[in-house]
Amino acid sequence: MKKFIGKTLVFWALMAMIFNAVSVEAAKKSVAVLQLENVSGYNAANVADIMAEELTVALLNSGRYNVVERNQISNILKEQGFQNIAVNPNDAVQVGQLAGVNYSVIGKVTLATIVPNDSNKVASILGGSTASKFVDPYKGKVSVDIRFVDNETGALIFAKSFEGSKSGNTNADCLHGACKEAAENFLKELSGNIMGRIAEVSDKEVYIDLGADSGIRKGDTLLIVRETDPIVINDKIVGMKTITIGKVKVTEVNAEYSVCKIDKVEKGNNIRKGDVVKRG
């Protein structure tokens with residue numbers, strides 16, 4: 001009898017673990033990294049494809065998102081006849097909807113350079129010509145403008161430029177390393193922000209599409225903002241202009257959504273379905 005009870009407890013414990021794993025997986029948001037455009041003038045390698053691959057890897061390794069395979073996206077692009085999707089958010093939304101994903105990543109590589117490292121200068125700083133033997137001969141640098149789009153509402157969650165640089169023995173090492181660093185910087189921005197939106201609005205409450213996996217907790221205060229136009233400096237998108245709509249307080253956190261009490265609404269504004277929520 002004791003053995004039976006023991007086996008039964010083990011069985012239900014395993015079932016609970018599986019259920020929790022499935023729940024967490026289902027709660028993850030899905031992302032598609034779409035075709036990037038290369039406007040850097042660097043044509044020695046397909047830097048846009050390298051950048052897209054590094055973005056995909058960074059999102060996968062974060063464990064926070066389900067990422068659609070790029071082959072699936074390529075098939076959709078061919079079937080639907082989309083052309084320069086990198087610069088057309090409306091097409092990106094359509095492709096994202098066809099792929100069944102929550103968000104799309106689009107953008108363009110604006111800078112890609114490979115230059116010789118100044119080994120003599122490094123050697124003089126470190127003290128001695130021997131040091132130059134340990135200095136990688138090349139250094140690569142990339143810059144990429146990225147737009148993160150909500151496929152359901154078409155809203156631009158954020159638009160920003162990210163950079164990466166890396167030294168290496170070959171041009172390929174430098175390029176891949178620089179793209180990897182830029183992708184990691186993008187992920188830091190993404191991880192530091194609550195990427196959510198208003199799903200439903202009532203008189204005193206709002207429902208947001210962020211669940212337990214997003215990192216929000218009961219009692220958190222979130223800002224509601226509406227993003228308008230990109231901020232461009234020196235031909236680079238460095239951010240988005242926003243209008244603050246109000247504040248909400250998280251009262252209930254579920255696997256795939258949360259409930260918030262409306263705390264404040266700015267005069268002359270109203271909370272709409274599709275507005276962005278983020279940490280205050």
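None of these values were measured; they are calculated from a predicted model.

## Looking at the overall build of the protein chain
- The number of helices and strands found in the protein chain is six helices and twelve strands.
- Split into buried and exposed, the 280 residues of the protein chain put 39% on the buried side.
- The long-range share in the protein chain, meaning contacts at least 24 apart out of those at least 6 apart in sequence, stands at 67%.
- Entry remark: accessible area of the protein chain is about 15,400 Å², with carbon and sulfur atoms responsible for 51%.

## What about the side chain of Ser40?
- Position of Ser40 relative to the elements: it lies in the loop between strand 2 (37-38) and helix 2 (47-62).
- For Ser40, the side chain forms a polar contact with the side chain of Asn38, separated by 2.6 Å.
- When sequence neighbours within four positions are dropped, the list of residues in contact with Ser40 reads Val47, Val109, Thr110, Leu111 and Ala112.

## So, the packing of aromatic side chains
- With the rule as written, the count across this model stands at four aromatic pairs.
- Each ring, one from Tyr207 and one from Tyr257, has its centre 6.4 Å from the other, and the planes form 40 degrees; the classification is tilted. In this pair, Tyr207 is assigned in strand 8 (residues 205-208) and Tyr257 in the loop between strand 10 (236-253) and strand 11 (258-265), connecting sequence segments 50 residues apart.
- Members of the aromatic cluster, each reached through a chain of ring pairs, are Tyr103, Phe148, Phe162 and Phe186.

## Some points on the nonpolar core
- Judged by nonpolar contacts, the single largest core of 38 residues is most densely connected at Met51, Leu55, Leu59, Phe148 and Phe186.
- Elements with a contribution of two residues or more to this core: strand 1 (29-33), helix 2, strand 3 (65-67), strand 4 (103-116), strand 5 (138-150), strand 6 (156-168), helix 6 (171-191) and strand 9 (221-233).
- For this core, the leading source of residues is helix 6, giving nine residues.
- Sequence-distant contacts of Phe186, defined by excluding residues within four places in its chain, comprise Leu55, Leu59, Val105, Ile146, Phe148, Phe158 and Phe162.

## Some thoughts on the environment of Ile231
- Mapped onto the elements of the fold, Ile231 is located in strand 9.
- By relative accessible area, Ile231 is classed as partly exposed at 31%.
- Along the chain, Ile231 and Ala159 lie 72 residues apart, while their C-alpha atoms are 8.5 Å from each other.

## Points about the pairing of strand 7 (residues 196-201)
- Strand direction decides the pairing type here: strand 7 and strand 12 (residues 276-279), joined by two bridges, are antiparallel. Within the sheet, the bridge partner assigned to Arg197 lies in strand 12 and is Val276.
- Pairing analysis gives three bridges linking strand 7 to strand 8, with the strands arranged antiparallel. Paired with Ile198 across the bridge in strand 8 is Ile208.
- In this structure, the hairpin formed by strand 7 and strand 8 is closed by a connection of three residues.

## With respect to helix 2
- Along its 16 residues, helix 2 runs 23 Å from first to last C-alpha, staying within 8% of the 22 Å computed at 1.5 Å per residue.
- Those residues of helix 2 that sit buried are Val47, Ala48, Ile50, Met51, Ala52, Glu54, Leu55, Thr56, Ala58 and Leu59.
- Following helix 2 by one or two positions, Gly63 has its phi on the positive side, about 75 degrees.

## Regarding the pattern of salt bridges
- In this structure the tally under the stated criterion is eight salt bridges.
- Notably, a salt bridge pairs Arg197 with Asp150, separated by 3.0 Å at the nearest N-O pair. Taken as a pair, Arg197 in strand 7 and Asp150 in strand 5 lie far apart in primary sequence, 47 residues in all.
- The partner of Arg226 in a salt bridge is Asp275, and the shortest N-O contact between them spans 2.8 Å. Placement of the pair is Arg226 in strand 9 and Asp275 in the loop between strand 11 and strand 12, with a sequence separation of 49 residues. No difference in accessibility class separates Arg226 from Asp275, as the two residues are buried.
- The structure contains a network of salt bridges with shared partners spanning Asp49, Glu53 and Arg70.

## Remarks on helix 3 (residues 70-80)
- By the burial criterion, the buried members of helix 3 are Ile73, Ile76 and Leu77. Angularly, the buried residues of helix 3 cover 100 degrees about the axis, an arc narrow enough to put them on a single face. Looking at helix 3, the residues exposed on the side facing more than 90 degrees away from the buried face are Asn71, Lys78 and Glu79.
- Gly81 occupies a position one or two residues after helix 3 and carries a positive phi of about 75 degrees.

The rules behind these values
Residues numbered from 1 in each chain as written. Predicted model: local features only at pLDDT ≥ 70, side-chain atom pairs only at ≥ 80, totals over all residues. Heavy atoms only, no water. Helix = DSSP H or I, 4+ residues; strand = E, 2+ residues; numbered from the N terminus. Buried < 20%, exposed > 50% of the residue type's maximum accessible area, 1.4 Å probe, protein only. Contact = heavy atoms within 4.5 Å. Areas by Shrake-Rupley, 256 points an atom, 1.4 Å probe, with all protein chains shown as cover. Polar contact = N/O pair within 3.5 Å; in protein donor to acceptor, adjacent residues only side chain to side chain. Phe/Tyr/Trp six-rings, centres within 6.5 Å; stacked < 30°, edge-to-face > 60°. Core = buried A, V, L, I, M, F, W, Y, C linked by side-chain atoms within 4.5 Å. Pairing = 2+ DSSP bridges. Expected span 1.5 Å × (residues − 1). Salt bridge = Lys/Arg side-chain N within 4 Å of Asp/Glu carboxyl O. Arc of directions from axis to C-beta.

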